[in-house]
Amino acid sequence: MKHLMKHMLVTMVLFGLADLAVHTKTQAEELPEHSYVDFSSDRSTWFFRTDGGDRSMAFFDFFSPFDPTVKVEGYDPLTSYELEHRYYFGEDDALMVHIEDMKKMYDPYFDYTMEEDTLRIRHTAFDKLLTSGIGERSTTIQYTKKVWDLSIDLSEVEGTYDYREFQPVEGGRNKGAVTPDELNEEAGFTGKSFTLSSGSIEQKEGGVYVPLASLMEWMGKTSFEEQGYLTVQSEGLADVTTSVDRPDVEVSDIVVPKPSNIWQGGEDETYTWADYMKDVEDGERQTGWLWQSFHVASDASFKDEDGDPVHVKADRIVPFSLYVPSTYDPEKTRLTFMLHGGTGNEHTPTYRLMKEGIPVETYAEEYNYILLSPNGWTQNPIWREKQALYSVERSLAEALQQFPVPDDHLFITGNSLGGRGTLEIAARFPDRFQAMAATAPKITDRAPEGGTMVNIEGTDYDLSAVKDLPALIVQGTADTTTSFKVQIGSGESPGSIVSSVMPKLENARYMTVENGDHSYSYAAVLEPIFDFFEDQLTEENAEAADTAVLYKESARAAANGEQVKLDQNTEVVNGTMMVALSSVKELYKASADVYPIHLYDSDSEQPADYWTLVVNNQTMNITPGEEAYRLNMERYKEDAKVTRSGAPSDEDQLDASPVFTEAPYEKNGELYVPAEEVLTALGLDVTIREENVWQKYRAFWGSGAAVIVFALIGGWVIFRKRSASKSESNQRKQA
């Protein structure tokens with residue numbers, strides 16, 4: 001009876017698939033052979049809910065394709081994906097998925113065709129084994145290509161399959177294409193028979209559905225069900241542990257993707273992956289960490305660097321990361337892009353911070369920001385064009401559809417190639433963002449003839465289009481990827497930022513991170529970045545005072561002729577007036593900010609590594625106990641020691657750093673700096689004065705004590721007069 005029912009279902013499928021068979025057969029009678037396609041995000045497991053929901057959503061996990069040993073810390077990314085067709089439960093309670101949805105799930109490595117009464121499927125997988133460079137920017141990986149070719153006779157609901165395995169091929173980041181071509185003859189076979197262990201191929205609502213678990217078990221996948229989720233995952237799980245033992249490392253049970261895992265970032269220690277996925281699907285979780293995705297086909301609307309249509313290969317599910325603050329309000333919340341760099345993915349801008357104990361979500365909550373991190377597609381994303389540009393536009397559209405914000409509340413930031421992308425995306429869409437912040441922007445490449453060339457020029461989109469857009473540019477002095485020398489250069493040989501950014505951005509602020517490296521400099525300046533964005537939302541940005549007057553050893557001051565009461569008295573050390581940085585903030589109010597800067601690996605509970613004073617778009621870095629200071633993004637002789645390995649020094653082309661006459665010092669949590677030198681260096685007109693007696697004791701004169709003193713003085717004067725008068729009277733009497 002069961003066999004008869006399957007034959008009936010097959011007959012229905014064959015009639016219902018007439019159009020599909022013609023379509024697929026005319027497009028590809030021979031299924032394509034696949035090489036490894038570079039992509040910056042990978043997955044091993046799919047999750048389908050079995051105990052409720054509307055059966056249109058699935059989830060998948062994440063691991064880094066460049067270094068599978070990297071374990072995301074701070075949260076467990078579980079990305080939702082909306083299927084085009086609802087799944088259902090068919091014969092034998094098999095979970096049935098539309099064949100087109102299955103193709104998209106495993107794109108670009110899943111192809112199928114219908115030929116008469118035969119369904120042919122080819123599925124390709126690439127197992128990865130990290131062999132060297134563990135934890136480094138450039139890794140070496142062995143890729144083992146595996147190919148399954150299934151042929152299913154629908155009239156019998158049985159089939160045969162071939163299996164091919166190729167010899168491992170070495171690849172990795174920046175190591176070129178991975179195209180295995182030498183078969184491992186010992187591992188392959190042809191013509192093996194198989195039968196689906198549960199379910200059968202069915203037609204439903206004009207579509208073709210296949211039993212997900214029992215079909216994929218013949219293509220290198222295993223499945224199990226727990227906590228209301230069917231889990232389908234690769235048999236050869238990528239090593240996502242933090243262990244570096246090779247090649248016999250065992251995957252720790254806690255990181256094997258499964259619904260019963262405790263979710264990092266959860267409300268309590270019993271909150272599981274299954275709980276998280278159900279809350280997202282049921283709409284119970286609408287704020288906090290949310291990861292979503294969309295499928296991109298090769299016929300999508302792609303554009304080249306000049307905005308012209310271009311055809312590129314796609315066929316991929318593309319994820320993006322969202323953090324939505326708990327105070328989300330469609331009329332008040334802001335949104336900022338956070339673009340990743342060359343070794344990154346949709347998680348990198350946030351999880352790298354969390355890994356170092358910097359909870360970026362606290363900034364999102366404090367400032368009321370949605371954090372949107374799209375996937376740049378490749379290991380070295382060029383955000384201004386093709387798939388990466390599509391990812392930017394599509395992820396923003398998806399985010400705003402669910403979580404709209406005002407048009408004038410959009411911002412963009414990014415690090416490294418994400419910093420370059422920040423500049424290029426802003427130039428491409430000059431009216432979209434309120435401000436941008438580019439950190440360590442990688443805006444140079446090696447030139448074919450040697451040396452370097454600027455890569456943000458030569459297209460139809462130029463930074464001059466955003467010359468008035470508020471911009472914050474950040475660079476670390478210890479960066480050896482986008483080195484301070486290449487970025488800033490010297491007077492004789494200006495760097496890329498000096499030559500190609502500064503002349504075009506007329507409303508920019510330049511901030512240097514002392515001893516800041518390439519990947520984490522932005523971690524030290526998150527507060528300045530968010531404050532900079534917030535400043536653009538105020539109705540008026542106050543201008544700094546033109547003139548200021550400070551009085552020695554006094555809290556009295558004046559700005560543009562208006563009296564100002566400082567919280568801290570100025571001090572005099574060796575003849576130099578010292579003023580607390582917080583007093584400078586009081587003096588210039590909204591036009592000034594003071595930041596104690598902690599590098600990403602510093603203890604935030606300890607004193608700051610250095611301080612940054614911002615007055616309008618001028619910045620100054622000041623280090624306690626050191627006389628030398630830095631203005632904006634100037635480069636000095638002391639910086640010539642930090643450069644790429646083997647690069648010649650240009651120390652003789654640089655000036656020494658400017659110095660104070662008296663070293664700044666900390667006192668009661670305040671940093672005191674030479675007042676006149678600091679304010680003059682920032683282009684402010686300042687006058688230092690001594691207070692006269694009246695000014696010095698003005699508080700006294702205005703108090704009740706002064707009345708008593710005057711009364712005593714008056715009484716003494718009267719007493720003296722009376723005494724003198726009495727003496728004169730006595731003298732007359734004697735005379």
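To start, this report covers the structure provided alongside it. Every chain is numbered on its own, with residues counted from 1 as its sequence reads. Totals for whole chains, interfaces and linings use every residue, but because this is a predicted model, local features are given only for residues with pLDDT of at least 70 and side-chain atom pairs only at 80 or more, for both listing and counting. Heavy atoms throughout the structure, all of them, feed into the side-chain values; hydrogens and water do not.

## Quick word on the packing of aromatic side chains
Operational definition: Planes of paired rings set the category: under 30 degrees apart is stacked, over 60 is edge-to-face and the rest tilted, where pairs are Phe, Tyr or Trp rings (Trp by its six-membered ring) whose centres lie within 6.5 Å. Numbered from the N terminus, helices here are DSSP runs of H or I no shorter than four residues, and strands are runs of E no shorter than two. Whether a residue is buried, partly exposed or exposed follows from its accessible area with a 1.4 Å probe, protein chains only, as a fraction of its type maximum: under 20%, in between, or over 50%, in that order. In this scheme, Lys NZ or Arg CZ marks a charge over a ring once it lies within 6 Å of the ring centre and within 35 degrees of the ring normal.
Applying the stated rule across the entire model yields 40 aromatic pairs. Ring geometry for Tyr36 and Tyr143: centres 4.8 Å apart, planes at 45 degrees, overall tilted. Here Tyr143 lies in strand E8 (residues 140–153) and Tyr36 lies in the loop between helix H2 (18–27) and strand E1 (45–49), a separation of 107 residues in the sequence. Here Tyr36 matches Tyr143 in class, with each residue buried. Three or more aromatic residues joined by ring pairs make a cluster, and in this case those are Tyr75, Trp263, Tyr271, Tyr276, Trp289, Trp291 and Tyr323. Stacked on the ring of Phe166, the Lys or Arg Lys145 has its end atom at 4.9 Å from the ring centre. Seen from the ring of Phe429, Arg432 lies directly overhead, with NZ or CZ sitting 4.1 Å from the centre.

## So, the side chain of Ser56
What counts here: We define a polar contact as two N or O atoms separated by no more than 3.5 Å, with the added condition that, inside protein, one atom must be a possible hydrogen donor and the other a possible acceptor, whereas residues neighbouring each other in sequence contribute only through side-chain atom pairs.
Tracing the chain through its elements places Ser56 in the loop between E1 and strand E2 (57–60). Take Ser56: its relative accessible area is 9%, and that puts it in the buried class. Of the polar contacts made by the side chain of Ser56, one reaches the side chain of Asp54; its length is 2.8 Å.

## Remarks on the sheet that holds strand E29 (residues 556–559)
The line we're drawing: By this definition, two strands are paired if DSSP reports at least two bridges between them. Simply put, an axis is a line fit to the C-alpha atoms, just over the touching stretch for a helix, and the angle between two N-to-C directions goes from 0 to 180 degrees.
Read across the sheet, 4 strands follow the order E30-E29-E28-E39 without closing on themselves; strand pairing throughout is mixed. If you trace the sheet from one side to the other, it starts and ends with strand E30 (562–565) and strand E39 (685–689), each paired once. In this sheet, neighbouring strand axes are inclined to one another by 25 degrees on average, regardless of whether the strands run parallel or antiparallel. Sheet analysis places strand E28 (residues 547–551) next to E29, joined by 3 bridges and oriented antiparallel. Bridged to Ala548 within E29 is Ala559.

## A word on the pairing of strand E23 (residues 435–439)
For the record, the criterion: Look down the strands so they point away from you; if going from the first strand over the helix to the second traces a clockwise path, that crossover is right-handed.
Most of E23 is tucked away: 5 of the 5 residues are buried. Going residue by residue along E23, you find Ala435, Ala437 and Thr439 tucked away on one face and Met436 and Ala438 tucked away on the opposite face as well. In the sheet, strand E22 (residues 410–415) pairs with E23 via 5 bridges, with the strands oriented parallel. If you follow Phe411 over to E23, its bridge partner there is Ala435. The parallel pair E22 and E23, bridged by helix H9 (residues 417–428), forms a crossover whose chirality is right-handed. Note: E23 against strand E26 (residues 471–476), 4 bridges, orientation parallel. Counterpart to Met436 in the pairing with E26 is Ala471.

## Description of the nonpolar core
This is how it is decided: We call a set of buried residues a nonpolar core when its members are Ala, Val, Leu, Ile, Met, Phe, Trp, Tyr or Cys and they connect through side-chain atoms within 4.5 Å of each other. Any two residues whose heavy atoms approach within 4.5 Å are treated as being in contact.
Judged by nonpolar contacts, the single largest core of 101 residues is most densely connected at Tyr276, Val296, Leu423, Met436, Ile473, Val501 and Leu505. Per-element tally for this core: the top contributor is helix H8 (residues 386–402), with 6 residues. Discounting chain neighbours no more than four positions away, the residues touching Met436 are Ile412, Thr422, Leu423, Ala426, Val466, Leu469, Pro470, Ala471, Leu472, Leu505, Phe532 and Phe533. Grouped together as the second largest cluster of nonpolar side chains are 38 residues, Trp46, Phe60, Tyr112 and Phe194 included.

## Here's the deal with a negative patch on the surface
The cut-off we apply is this: A patch consists of residues whose relative accessible area exceeds 30% and which take part in no salt bridge; residues with like charges are grouped when within 9 Å of each other, and nonpolar side chains (Val, Leu, Ile, Met, Phe, Trp, Tyr) when within 5 Å. Each accessible area is a Shrake-Rupley estimate made with a 1.4 Å probe; only the visible protein chains count as cover when residues are assessed. Salt bridge, as applied in this entry: a Lys or Arg side-chain nitrogen positioned within 4 Å of an Asp or Glu carboxyl oxygen. By the counting rule applied here, Lys and Arg register as positive and Asp and Glu as negative, while His and the ends of each chain are not counted. Think of each charge as sitting on NZ of Lys, CZ of Arg, CG of Asp or CD of Glu.
Together, Asp181, Glu182, Glu185 and Glu186 make up a region of like negative charge exposed at the surface. Following the sequence through the fold, Glu182 ends up in the loop between strand E10 (169–171) and strand E11 (189–195).

## Regarding the sheet that holds strand E38 (residues 670–674)
Strand order in this open sheet of 4 strands is E31-E32-E38-E37, and the pairing throughout is antiparallel. Taken across any chain shown, the strands that pair with only one partner, and hence form the sheet edges, are strand E31 (571–573) and strand E37 (665–667). Strand-to-strand, the axes of this sheet are offset by a mean angle of 40 degrees, without reference to chain direction. The pairing of strand E32 (residues 576–580) with E38 spans 3 bridges and is antiparallel. Residue pairing across strands places Val579 opposite Val673, the latter belonging to E38.

By themselves these figures say nothing about function.
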